[in-house]
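Survey of secondary and tertiary structure
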Amino acid sequence: MAIKRICKYGEKILEKKTRKVNFDELKKTLPLLLADMFDTMDAVGGIGLAANQIGLDLRLAVIKIKREDEEPLSIVIINPEIAEKSGALYEEEGCLSFPGLFAKIRRAAKVKVRAINEKGLPIEINAEGLFAKALQHELDHLDGVLFLSRLPLLSRLKLKPALIKFKSRWKKMDESKMKPK
Ligand code: CO
């Protein structure tokens, strides 16, 4: 198992729609890949990670949500699609590809998602609240859509100076990690 480098805003792979997974082709390498994705996400305390965030052009994502008095809910979604959505949420969101940056994003309050799981079996997920938000955020990633592009134009323009500062900070973070110790 390994912790992978997470791609940051500005890297092209984040804004490209991912390729549908051929489950039989991926089956052999999938367990290790998923372990790496959960490790990578846990290392930075994330609740969701899409494959293209670690540089892989694959339509798959992992989600892990803490629950009260229960084990966290861990879920793998391969080739997910939103089947239904309803209601509205307007809450703060962050993204591992934008470390430190948060913005209020409009999302559906409830979603129904169809996907296949890590065993290759079809699943249907009915989610609301944080779980619904995470699913929509990760599905957007897989479509090459970043959360900030869900903001109205004016809010996006206002965020621009902050984004430039963040970008140079992320670059320094990456450079310091690459230096030999
Ligand atoms: Co994200």
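Everything numeric in this text was worked out from a predicted model, so none of it was measured. (Residues numbered from 1 in each chain as written. Predicted model: local features only at pLDDT ≥ 70, side-chain atom pairs only at ≥ 80, totals over all residues. Heavy atoms only, no water.)

Focus on the coordination of the cobalt ion
Octahedral metal centres with six donors ideally show angles of 90 or 180 degrees, and tetrahedral centres with four donors ideally show 109.5 degrees. At this site the cobalt ion is bound by Cys95 (SG), His137 (NE2) and His141 (NE2), with donor distances of 2.0 to 2.2 Å. Counting gaps between the donor residues of the cobalt ion yields the pattern C-x41-H-x3-H. On the criterion of sequence distance, the pair formed by Cys95 in the loop between strand S4 (89-94) and strand S5 (102-107) and His141 in helix H3 (residues 129-142) is long-range, its members being 46 residues apart. (Donors = N, O, S within 2.8 Å, 3.2 Å for Na, K, Ca; no water. Helix = DSSP H or I, 4+ residues; strand = E, 2+ residues; numbered from the N terminus.)

Section: H3
Because each turn of an α-helix spans 3.6 residues, side chains separated by three or four positions in sequence point in the same direction. The end-to-end C-alpha separation of H3 is 20 Å, in line with the 20 Å expected for 14 residues at 1.5 Å each. In terms of burial, H3 is a largely internal element, 12 of the 14 residues being buried. Within the sequence span of H3, burial applies to Phe131, Ala132, Lys133, Ala134, Leu135, Gln136, His137, Glu138, Leu139, Asp140, His141 and Leu142. Just downstream of H3, Gly144 is the residue with a positive phi angle, here 80 degrees. (Expected span 1.5 Å × (residues − 1). Buried < 20%, exposed > 50% of the residue type's maximum accessible area, 1.4 Å probe, protein only.)

Focus on the sheet that holds strand S3 (residues 70-86)
Whenever strands of a sheet pair, they do so through backbone hydrogen bonds, lying parallel or antiparallel. Taken together, the five strands give an open sheet; going across it, the order is S1-S2-S3-S6-S7, and neighbouring strands pair in antiparallel fashion. Edge positions in the sheet fall to strand S1 (48-50) and strand S7 (122-128), since each of these pairs with one other strand and no more. Geometrically, the sheet is characterised by an average inter-axis angle of 40 degrees between neighbouring strands, direction not taken into account. In this structure, S3 lies alongside strand S6 (residues 110-116), joined through six bridges in antiparallel fashion. Following the sheet pairing, Glu81 is matched in S6 by Arg114. Contacts from helix H2 (residues 30-43) reach S1, strand S2 (60-67) and S3 within the one sheet, and its direction differs from that of S2 by about 50 degrees. (Pairing = 2+ DSSP bridges. Axes fitted to C-alpha atoms, helices over the stretch in contact; angles between N-to-C directions. Contact = heavy atoms within 4.5 Å.)

Comments concerning the side chain of Thr40
Mapped onto the elements of the fold, Thr40 is located in helix H2. Given the relative accessible area of 2%, Thr40 is considered buried. Filtering out sequence-adjacent residues up to four positions away, Thr40 remains in contact with Ala2, Ile3, Lys4, Ile6, Leu49 and Ile54.

What to know about helix H4 (residues 153-178)
End to end, H4 covers 36 Å across 26 residues, agreeing with the expected 38 Å (1.5 Å per residue, within 8%). A maximum bend of about 45 degrees is found in H4 at Lys160, where proline Pro161 lies one to four positions downstream. Residues of H4 that are buried include every one of Leu159, Leu163, Phe166, Trp170 and Asp174, and no others. (Bend = angle between axes of the 7 residues up to and from the residue.)

Section: the pattern of salt bridges
Under the defined criterion, the tally for this structure stands at 21 salt bridges. Here Arg114 makes a salt bridge to Glu124, at a shortest N to O gap of 2.8 Å. You can see Arg114 sitting in strand S6 and its partner Glu124 sitting in strand S7, a full 10 residues away along the chain. Exposure remark for Arg114: the relative accessible area of 42% places this residue in the partly exposed category. Overall, the relative accessible area of 42% leaves Glu124 in the partly exposed class. Three or more residues joined by partner-sharing salt bridges are found here, namely Arg5, Lys8, Glu11 and Asp174. (Salt bridge = Lys/Arg side-chain N within 4 Å of Asp/Glu carboxyl O.)

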